Amino acid sequence: MKRHLPGLSWPRIEDGPIRVACHFCDALQDAPRLKEGDAAHCCRCGEVLYQNRPRSLARATGFSSAALIFMALVHLFPSITVNAGSVRRELTILEAAQAMWRDGNPAIAAATVFFTMVAPLVLVGGLLYVTAPLRFGIAFPGAKVVTRWYQLSEPWSMLEVFLFGILVALLKLGAVGDIHLGVGLWAMAGLVICTTSAIAGIDRLELWDRLEIAFKRTN
Amino acid sequence: MEIRSAAEQGLASCHLCGKVSPVDLGECPRCGCKLHLRKPHSLERTWSFLIAAIAFYFPANLMPIMSVGGLGGTSHDTIMSGVLNFWKKGDLLVAIIIFAASILIPILKMLALVWLCLAASGKTRTSPKNLARLYHVTELVGRWSMVDVFVVAILVSLVQVGALSSVLPGPAIVSFAAVVVLTMFAAMSFDPRLLWDQHADRDLPDTP
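The model shown is predicted, which means the values in this text are computed figures rather than measured ones.

Some thoughts on the overall build of chain A
Here's step 1: When you go through chain A residue by residue, the secondary structure sums to seven helices and seven strands.
Here's step 2: Starting at the N terminus, the α and β elements of chain A follow one another as β-β-β-β-α-β-β-α-α-α-α-β-α-α.
Here's step 3: Taking 17 Å as the expected radius of gyration for a compact globule of 219 residues, we find that chain A reaches 21 Å, considerably beyond that expectation.
Here's step 4: In terms of principal-axis extent, the alpha carbons of chain A reach across some 70 × 40 × 30 Å.
Here's step 5: Of all 219 residues assigned to chain A, the portion counted as buried reaches 50%.
Here's step 6: Pairs at least 24 apart in sequence give 65% of the contacts found in chain A among residues at least 6 apart.

This is how it looks when you write it as C-alpha cells:
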C-alpha cells in the first residue's frame, strides 16, 4: 500500500505504513502516500480521507496574507453609501454592529461582530501564524492551540453570508436614495475568495504531520 | 477485504488532528486532545440542541423581525411577510431565496437532524450513504440561514434616510439567530460514525 514518492509528499514522523480511520464511518485503513494533487478516499463510504495539495504551504500563506489585507480594507472603507437629499449614511460592519447595539439589540450586535470580524480573523490569522513558519520547518510557540482555534472558527466565519445580506438589504431598500457601492464591498468579496482558497489550500492531516515534524525538530 | 472500524480494535482517531491511537492513552500523543471512540453523549447533546432550536423556531417566525417607521406609520414585518412583500413587488428570485434561506432551510435542517438522530439510534432503516449525503448538506447550508439576521442589522444601520425614518430590530431576530446557532451546534455534536455503527450491527454487506 505504501508508495514512496520522494520530494512529492510531505515527511512523516513514522516511516512505517500509517493507518487512518475515516472520520465519517470510522473504517480503519492504510494510508498510502500520495502524489501532489491526489486524494485518498475511504474504501467504505467514499469520504475524502486526506489530500496532497500542490504547494500547500505556499498557497495557505499567500492566500491568508492577502485575506488579511482585504480584511483591513473591509473594516476601513464603507461598503455602501446611501445619499438621500441632505442625509448621507455609510455602512461598515462595525457601524452596523454599533447601530444594532444602540437600537436595543446588543446580542445581535455581538453576534455580528463575532461572525464577521472575530471568527474570520482567528481563521485567517491563525492559519497564517501556523503555515508561514512551517514553510521553514519551524513551529511557533502555541502553534497547536492556534491550529485548534482556527479549525474551530471555520464554521462560524460567516462573511459570505453577510455579503449576501448586503445584497438583499440593497434590494429591500429599493428606491430610497442614491446608493453607491464602496471599496469595502469589493474587498469583502476578495476576502471571501481568499479565505476559501486559503483553507482549501492545505489538508488537515498534512498540516498536523508537518506540525509534528516541526515540533520534533525544535525540541 | 473485510472492513473493520477503528473502534472495534480500541483505536480512536483524534477529533482535532486525525491521528489514530489506542483509546486507552486518554490523550492524543500528537495534539493533546482528549481521545474518544465516538463523540461523548453525541445523541443526547444533538437532541437537546435540536429541541431548543425547534422551540425557538416558533417565536422566530411568529413575531416581527423588524419594524419600519415611515411617513405612513409603523409597520411590523415577520420573516414571511418580508418574503410576501418581495413576491408582490415582483422580485420573485429574491423572494424565493429569502424563503429558502430563512424558512425552508431551517425546517429541513431540523427535520434532517431528527431523521439522522433516529437513524443513529436504530429507529429507521436508511442506507448510511444516503444519510451521509444528508448530513453533508445540512452542515453546508446551515450557516446561510443567518442571512436575515444580517439583513436586519444592515438595514438598521443604513436606513435613516428619506422616507424610511427608522428601522428597528424586532423581538424575533434573537430567536432566529438562536435557531441558526443551535442547529449548528446540533450538527456539530452529531457523530456520523454512529450511523455506520448501526449499519454494522445489522450485519448488512457493506460494500461501497
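Observations regarding the overall build of chain B
Here's step 1: When its secondary structure is counted, chain B shows seven helices and five strands.
Here's step 2: Helices and strands in chain B line up, N terminus first, as β-β-α-β-β-α-α-α-α-β-α-α.
Here's step 3: Taking the principal axes of the C-alpha coordinates as reference, chain B spans close to 70 × 35 × 25 Å.
Here's step 4: Going through the 208 residues of chain B one by one, you find that 50% of them count as buried.
Here's step 5: Here the contacts in chain B between residues at least 6 apart in sequence split such that 62% fall between residues at least 24 apart.

Some points on the domain arrangement of chain B
Here's step 1: When its domains are assigned, chain B resolves into domain 1 (1-37) and domain 2 (41-202).
Here's step 2: The straight-line distance from the C-alpha centre of domain 1 of chain B to that of domain 2 of chain B is 34 Å.

A word on unusual backbone geometry
Trans peptide bonds make up most of the peptide bonds, and negative phi angles are found at most residues other than glycine.
Residues and elements named next belong to chain A.
Here's step 1: Phi angles above zero are rare outside glycine, and Asp26 is one such case at about 70 degrees.
Here's step 2: Within the secondary structure layout, Asp26 lies in the loop between strand E1 (18-21) and strand E2 (28-31).
Here's step 3: Judged by relative accessible area, which is 1%, Asp26 ranks as buried.
Here's step 4: Phi is positive for Arg55, close to 40 degrees, though the residue is something other than glycine.

Some remarks on the interface of chain A and chain B
Here's step 1: Between chain A and chain B, the residue contacts involve 58 residues of the former and 63 residues of the latter.
Here's step 2: Counting the surface chain A buries against chain B, the share from its top three residues, Phe24(A), Arg44(A) and Lys172(A), is 15%.
Here's step 3: At the junction of chain A with chain B, the criterion picks out six salt bridges.
Here's step 4: With a closest N to O distance of 3.7 Å, Glu212(A) and Lys19(B) form a salt bridge.
Here's step 5: For the interface between chain A and chain B, the tally reads 15 residue pairs in polar contact (both at pLDDT 80 or more).
Here's step 6: Counting only elements with at least two residues in the side of chain A that touches chain B, the list comes to E1, strand E5 (80-84), strand E6 (87-91), helix H2 (93-102), helix H3 (106-134), helix H4 (143-153), helix H5 (159-173) and helix H7 (204-218) of chain A.
Here's step 7: Of the residues forming the side of chain A that touches chain B, the biggest block, eleven residues, is contributed by H5(A).
Here's step 8: Taken together, the residues of the side of chain A that touches chain B break down into 33 nonpolar, eight polar and 17 charged.

Some points on the UniProt feature "transmembrane region" (unreviewed entry) in chain A
Residues and elements named next belong to chain A.
Here's step 1: Listed under "transmembrane region" (unreviewed entry) in the UniProt record, and renumbered for this structure, are residues 63-87, 107-130, 158-177 and 183-202.
Here's step 2: The straight-line gap between the two end C-alpha atoms of residues 63-87 is 39 Å; of that span, 56% is helix and 24% is strand.
Here's step 3: Within residues 183-202, the helical portion is 90% and the strand portion 0%, while the C-alpha atoms at the span's ends are 29 Å from each other.

So, how was this worked out
- Residues numbered from 1 in each chain as written.
- Chains lettered and ligands numbered in written order.
- Predicted model: local features only at pLDDT ≥ 70, side-chain atom pairs only at ≥ 80, totals over all residues.
- Heavy atoms only, no water.
- Helix = DSSP H or I, 4+ residues; strand = E, 2+ residues; numbered from the N terminus.
- Rg over C-alpha atoms; globule rule 2.2 N^0.38 Å.
- Buried < 20%, exposed > 50% of the residue type's maximum accessible area, 1.4 Å probe, protein only.
- Contact = heavy atoms within 4.5 Å.
- Domains from an automatic or database assignment.
- Buried area = accessible area lost by both parts, 1.4 Å probe.
- Salt bridge = Lys/Arg side-chain N within 4 Å of Asp/Glu carboxyl O.
- Polar contact = N/O pair within 3.5 Å; in protein donor to acceptor, adjacent residues only side chain to side chain.
- Nonpolar A, V, L, I, M, F, W, Y, C, P; charged D, E, K, R; others polar.
- UniProt positions renumbered as here; feature names shortened; annotations may be inferred.

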